[in-house]
Amino acid sequence: MKRNEAVERWVAEMAALTGPDRVVWCDGSEEERRRLTQEALGTGQLLELNQEKLPGCYLHRSNPNDVARTEQLTFLCTRRKEDAGSTNNWMAPADAYARLSGIYKGALRGRTLYVVPFLMGPRGSKFSKVGVQVTDSIYVVLSMRIMTRMGDAALAELGTGDRFVKCLHSLADLNPERRFICHFPEDYTIWSVGSGYGGNALLGKKCFALRMAGWMGRQEGWLAEHMLIVGLERPDGRLSYVAGAFPSACGKTNLAMLVPPASYKGWKIHTVGDDIAWIRVGPDGRLWAINPEAGFFGVAPGTNPKTNTNAMGTFSSNSLFTNVALTPDRTVWWEGMEEPKAGAVGYFDWQGRPWSPGSGTRGAHPNARFTAPARQCPSISSQWEGPDGVPLSAILFGCRRSRLAPLVVESLNWRHGVYLGATIASETTAAAAGAVGVVRRDPMANLPFLGYNVGDYFRHWLSMETRCPKLPRIYRVNWFRVDGKGKFIWPGFGDNLRVLRWILDRCEGDAKATETPLGNLPTPEALDLAGLDLGPESMKTLLEVDRPGWTEAARQQEEFFQSIGPAMPRELVEEKDALVKRLGSA
Ligand code: GTP
Ligand code: SPV
Ligand code: MN
């Protein structure tokens, strides 16, 4: 491999700061994977799973104080505080560098510093971008190997250039008091310390591909979004792609690889991505999306052969499992899989403690995850590594709302669609540390991942109208309405295709809708419900427009918009006012 002096210089600097015993450059080879795996098995960072049933698969247990993203410890470090905006934590760059340097200083004494060059985006794509992460965690190295194009391939893409994102990571002492995830977009730099968990530590993912890329995309005229990308092929061969933003643990992975209902003969699903989309205006005037990642870091609980058989197929080999339960035959288990017999012996919970099924305590952590190569997904699209990505026919904004938000709403136009995305509110999940089930604002399902001022972000979305002649339609969906007993009303998962089908039909102009104050909703007949056990009462709930509820929601939106300050685009406030007017006049 040709040497890259800029990378070598930066690595030397990071080594001088952290003081490792050894520096190891990762090439991404199979031999390297085997060697690092052996080493991690030796230290207990990884546990070997049943190699007959799960070849190439290993279990990792993270520190119990380090099991989810920590948004309160995540900072944007821009020169001007306004650039971080009202929704991000901010630290002055000089303060952040000084504070974190104190923690990194000598933190790698007795440890190895691994140099992990990685590429976000397909090889040979002009949209791809290179990063180099240095880390003291083998789990992180092996995860980056699955989640990105890692090693020599990335260095080859960089060549002799010096435009790479510099990612410094150390577990340090895993002390939550000394845990920080800091972004310096003006310096192309990410510093993360004190956590080994997913989004905090795999710096190509949320830190680079959303926050850093968001910043770049704003300057360069494209979007970095918390979105799945999926192709839907009809029986007659017509193929359309949609991208969808859903908050963390709200259904992206599942929608990206859904299995059509039995009655949908001839429909095919083509998975392109499950978490992140980079979206640009193509030469044909449409929006085109690439998946910058190479793997899935998916929520394990709830995943089973019925809900997501494609995920089951994806992680059946060459995968890592984090914070799941271990079964007597050294396979993996989590809540939502078939229940083992109550009192069965030989199980261990996610913390490695002997555990007995049916005991009332959890086997897996609610945010337990699998890390699996995308290419192993049975429904992976033949286009998933295409250098230009795929063209979008529709954009979805999803939320998790047990009440109020209807199953699906169609926007009236781009501006209204941006408003629908900007005003997402969703119940919090275990993907981030903190309370679960609390409704909070989550604009474009991207709140925790914005790399700049949320008001400027809204303006950037609005500006697509002038940049893109053939914009896709925007829809808002909610699979998570519950009945009086707290049960989900909509069957979800594969049956979500029924909603997607209405959306595709709408995009092509031949499906019925009713105008409501919220936007266009399907007429009850326009949604294909054949074979579903859903009474008219249930459908009424799923498609109701609760006027007092939305009037109150609009009031809360007003508060949110005001909290954004001067960067808030007036156009979206006007959309909110228009909604209030429509709600009042009926
Ligand atoms: P991140 O990886 O955190 O960004 O999450 P994600 O949006 O990819 O969420 P994922 O698809 O992994 O789903 C999270 C949880 O929601 C899992 O427990 C799923 O089983 C559950 N889930 C997904 N889709 C549906 C659905 O349509 N209906 C219901 N009821 N649950 C769903
Ligand atoms: C999310 O929380 O949205 C995830 C997992 O996809 S993490 O990589 O930790 O961000
Ligand atoms: Mn995510």
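For every chain, the first residue of its written sequence is number 1, and the numbers climb from 1 along that sequence. All chains are assigned letters beginning with A, and all ligands numbers beginning with 1, in the order in which they are written. The predicted nature of this model means local features are confined to residues of pLDDT at least 70 and side-chain atom pairs, given and counted, to a pLDDT of 80 or more, with totals for whole chains, interfaces and linings taken over all residues. Calculated side-chain values reflect all of the structure's heavy atoms, with hydrogen atoms and water omitted.

### Here's the deal with the coordination of the manganese ion (ligand 3)
Working step 1: The donor set covers N, O and S atoms within 2.8 Å of the metal, switching to 3.2 Å for Na, K and Ca, and it leaves out water, so a site may look short of donors. Within the first shell, the manganese ion (ligand 3) binds the protein through Lys206 (NZ), His226 (NE2) and Asp275 (OD), at distances of 2.2 to 2.4 Å.
Working step 2: Tetrahedral means four donors with every angle between 85 and 135 degrees, whereas square planar (four donors) and octahedral (six donors) require angles over 155 degrees between opposite donors and between 65 and 115 for all others; sites fitting neither are termed irregular. Geometry at the manganese ion (ligand 3) is irregular, judged from the 6 donor atoms that bind it and their angles of 71 to 174 degrees at the metal.
Working step 3: Working definition: with a 1.4 Å probe on protein chains only, accessible area under 20% of the residue-type maximum means buried, over 50% means exposed, and in between means partly exposed. The class of aspartate 275 is buried, set by a relative accessible area of 8%.

### As for the site of ligand 1
Working step 1: Any residue with a heavy atom lying within 4 Å of a molecule or strand is counted as near it. Surveying the vicinity of ligand 1 reveals 22 residues, the closest of which are Ala249, Lys252, Thr253, Asn254 and Arg369.
Working step 2: The contact in question runs from an oxygen atom of ligand 1 to an N or O atom on the side chain of aspartate 275, over 3.0 Å.
Working step 3: We call two N or O atoms a polar contact when they sit within 3.5 Å, provided that within protein one can donate a hydrogen and the other can accept it, with sequence-adjacent residues counted only if both atoms are side-chain atoms. Contact between ligand 1 and proline 301: an oxygen atom at 2.8 Å from a main-chain N or O atom of the residue.
Working step 4: Only the protein chains shown count as cover for residues, and the accessible areas themselves come from Shrake-Rupley with a 1.4 Å probe. Surface burial for ligand 1 is 93%, taken as the share of its 660 Å² of free accessible area covered by protein chains.

### Re the sheet that holds strand β3 (residues 58–60)
Working step 1: Here, strands pair whenever DSSP counts at least two bridges between them. A run of DSSP states H or I qualifies as a helix once it reaches four residues; a run of E qualifies as a strand once it reaches two. Both are numbered from the N-terminal end. Ordered in space as β2-β3-β19-β24-β18, the 5 strands form an open sheet in which the pairing is mixed. One side of each edge strand has no neighbouring strand; the edge strands of this open sheet are β2 (47–48) and β18 (295–299).
Working step 2: Here strand β19 (residues 320–322) pairs with strand β24 (residues 369–373) via 3 bridges, running antiparallel. Paired with phenylalanine 321 across the two strands is phenylalanine 370, which belongs to β24.

### Describing the site of ligand 2
Working step 1: Around ligand 2, the structure places 13 residues, and the nearest of them are Arg69, Gly199, Lys205, Lys206 and Ser248.
Working step 2: In the complex, 98% of the free accessible area of ligand 2, which totals 280 Å², lies under the protein chains.
Working step 3: Contributing elements (two or more residues each) for the shell around ligand 2: α6 (198–201) and α7 (204–220).
Working step 4: Each residue is assigned to one class: nonpolar for Ala, Val, Leu, Ile, Met, Phe, Trp, Tyr, Cys and Pro, charged for Asp, Glu, Lys and Arg, and polar for all the others, Gly among them. In the shell around ligand 2, the residues fall into 4 nonpolar, 4 polar and 5 charged.
Working step 5: Delimitation of the domains relies on an automatic or database domain assignment. When residues of the shell around ligand 2 are assigned to domains, at least three map to each of domain 1 (5–44 + 70–220) and domain 2 (225–295 + 381–584).

### Thoughts on the domain arrangement of the protein
Working step 1: You can read the domains of the protein as domain 1 (5–44 + 70–220), domain 2 (225–295 + 381–584) and domain 3 (296–373).
Working step 2: Contact definition: two residues touch when any of their heavy atoms are within 4.5 Å. On the domain 3 side, the residues contacting the 9 residues of domain 1 number 11 residues.
Working step 3: The term buried area denotes the loss of accessible surface (1.4 Å probe radius) that occurs when two parts are joined, taken as the sum for both partners. Interface of domain 1 and domain 3: buried area, both sides summed, is about 790 Å²; carbon and sulfur atoms make up 70% of it.
Working step 4: The three residues of domain 1 that bury the most area against domain 3 are Tyr139, Ile146 and Tyr197, which together make up 62% of that side's buried surface.

### Details of unusual backbone geometry
Working note: non-glycine residues mostly have negative phi, and peptide bonds are mostly trans.
Working step 1: Of note, alanine 172 is a non-glycine position whose phi angle comes to about 45 degrees, a positive value.
Working step 2: You can see alanine 172 is positioned in the loop between β9 (165–170) and β10 (180–184).
Working step 3: Positive phi, close to 50 degrees, is recorded for asparagine 318, a residue that is not glycine.
Working step 4: Along the chain, asparagine 318 falls in the loop between α9 (309–314) and β19.
Working step 5: The partly exposed category is assigned to asparagine 318, whose relative accessible area is 36%.

### What to know about the side chain of serine 62
Working step 1: Examined against the element boundaries, serine 62 turns out to sit in the loop between β3 and β4 (74–76).
Working step 2: Given a relative accessible area of 10%, serine 62 falls into the buried group.
Working step 3: A polar atom in the side chain of serine 62 sits 2.8 Å from the backbone oxygen of aspartate 66.
Working step 4: In this structure serine 62 touches Val67 and Asn323, once residues within four positions along its chain are discounted.

### What to know about the environment of phenylalanine 321
Working step 1: Secondary-structure assignment places phenylalanine 321 in strand β19.
Working step 2: On the basis of relative accessible area, phenylalanine 321 is assigned to the buried category, the value being 0%.
Working step 3: Sequence spacing of phenylalanine 321 and tryptophan 479 is 158 residues, and the spatial spacing of their C-alpha atoms is 27 Å.

### Here's the deal with the packing of helix α10 (residues 414–422) against helix α15 (residues 570–584)
Working step 1: At a closest axis distance of 9 Å, the pairing of α10 and α15 adopts a crossing angle of 90 degrees. Judged by the angle between their axes, α10 and α15 are roughly perpendicular. Across the interface between the two elements, Arg415, His416, Val418, Tyr419 and Ala422 of α10 pack against Glu571, Leu572, Glu574, Glu575, Lys576, Leu579 and Arg582 of α15.
Working step 2: The residue inventory of the contact of α10 with α15, partitioned by class, reads 5 nonpolar, 1 polar and 6 charged. Note on definitions: angles span 0 to 180 degrees between N-to-C directions of axes, and those axes are lines fitted to C-alpha atoms, for helices only across the stretch in contact. For this classification, under 35 degrees means roughly parallel, over 145 means roughly antiparallel, 65 to 115 means roughly perpendicular, and everything else is oblique.

### A few points about the nonpolar core
Working step 1: Membership of the largest hydrophobic core comes to 113 residues, with the highest contact counts inside it found for Phe321, Phe458, Trp461 and Ile503.
Working step 2: Top element by residues in this core is strand β25 (residues 390–399). It accounts for 7 residues.
Working step 3: What tryptophan 461 contacts, discounting residues up to four positions off in sequence, is Leu223, Glu225, Met227, Ile395, Phe397, Trp414, Val418, Met444 and Ile474. Nonpolar cores are built from buried Ala, Val, Leu, Ile, Met, Phe, Trp, Tyr and Cys residues. Side-chain atoms within 4.5 Å join them into one set.

### A short note on the packing of aromatic side chains
Working step 1: Centres within 6.5 Å are what make two rings of Phe, Tyr or Trp a pair, Trp counting through its six-membered ring; a difference in plane orientation under 30 degrees is then read as stacked, over 60 as edge-to-face, and the rest as tilted. Applying the stated criterion to the full structure yields 25 aromatic pairs.
Working step 2: Seen in terms of ring centroids, phenylalanine 560 and phenylalanine 561 are 6.0 Å apart; in terms of plane orientation they differ by 40 degrees. Their pairing is tilted.
Working step 3: Among the aromatic residues, those joined into a cluster by ring pairs are Tyr97, Tyr104, Phe184 and Trp191.
Working step 4: In this analysis the charged atom, NZ for Lys or CZ for Arg, is taken to sit over a ring once it is within 6 Å of the ring centre and within 35 degrees of the ring normal. The ring of tryptophan 222 carries the charged tip of arginine 280 above its face, separated from the ring centre by 4.4 Å.
Working step 5: Between arginine 400 and the ring centre of phenylalanine 480, over which it is positioned, the NZ or CZ distance is 4.0 Å.

### What about the environment of aspartate 528?
Working step 1: Its location among the elements puts aspartate 528 in the loop between β31 (519–522) and α13 (536–542).
Working step 2: Each C-alpha atom, one on aspartate 528 and one on leucine 287, is 28 Å from the other, the two residues being 241 residues apart in sequence.
Working step 3: The residues contacting aspartate 528, other than those within four sequence positions of it, are Tyr264, Arg498 and Arg501.
Working step 4: Side-chain polar atoms of aspartate 528 contact the side chain of tyrosine 264, separated by 2.7 Å.

### As for the pattern of salt bridges
Pairing between side chains becomes possible if they bear opposite charge and their charged atoms approach one another.
Working step 1: Any carboxyl oxygen of Asp or Glu within 4 Å of a side-chain nitrogen of Lys or Arg constitutes a salt bridge here. Scanning the model with the defined rule gives 42 salt bridges in all.
Working step 2: One salt bridge connects lysine 576 with glutamate 558, and the closest N-O pair in it is separated by 2.5 Å. Taken together, the residues lysine 576 in helix α15 and glutamate 558 in helix α14 (residues 547–564) connect sequence positions 18 residues apart.
Working step 3: For lysine 576, a relative accessible area of 6% corresponds to the buried category.

### What to know about helix α2 (residues 30–43)
Working step 1: With 14 residues, α2 ought to run about 20 Å at 1.5 Å a step, and its terminal C-alpha atoms sit 20 Å apart, in line with that.
Working step 2: What α2 keeps buried is the set Glu32, Arg33, Leu36, Thr37 and Ala40. Taken end-on, α2 shows its buried residues confined to a sector of 130 degrees, consistent with a single buried face. Within α2, the exposed residues directed more than 90 degrees away from the buried face are Gln38 and Gly42.
Working step 3: Where α2 is buried, its residues contact β1 (22–25), β3, β6 (112–120), α4 (138–147) and β8 (149–150). One less than the residue count of a helix, multiplied by 1.5 Å, gives the span that helix is expected to have. Arc definition: it is the arc formed by the directions from the helix axis to the C-beta atoms.

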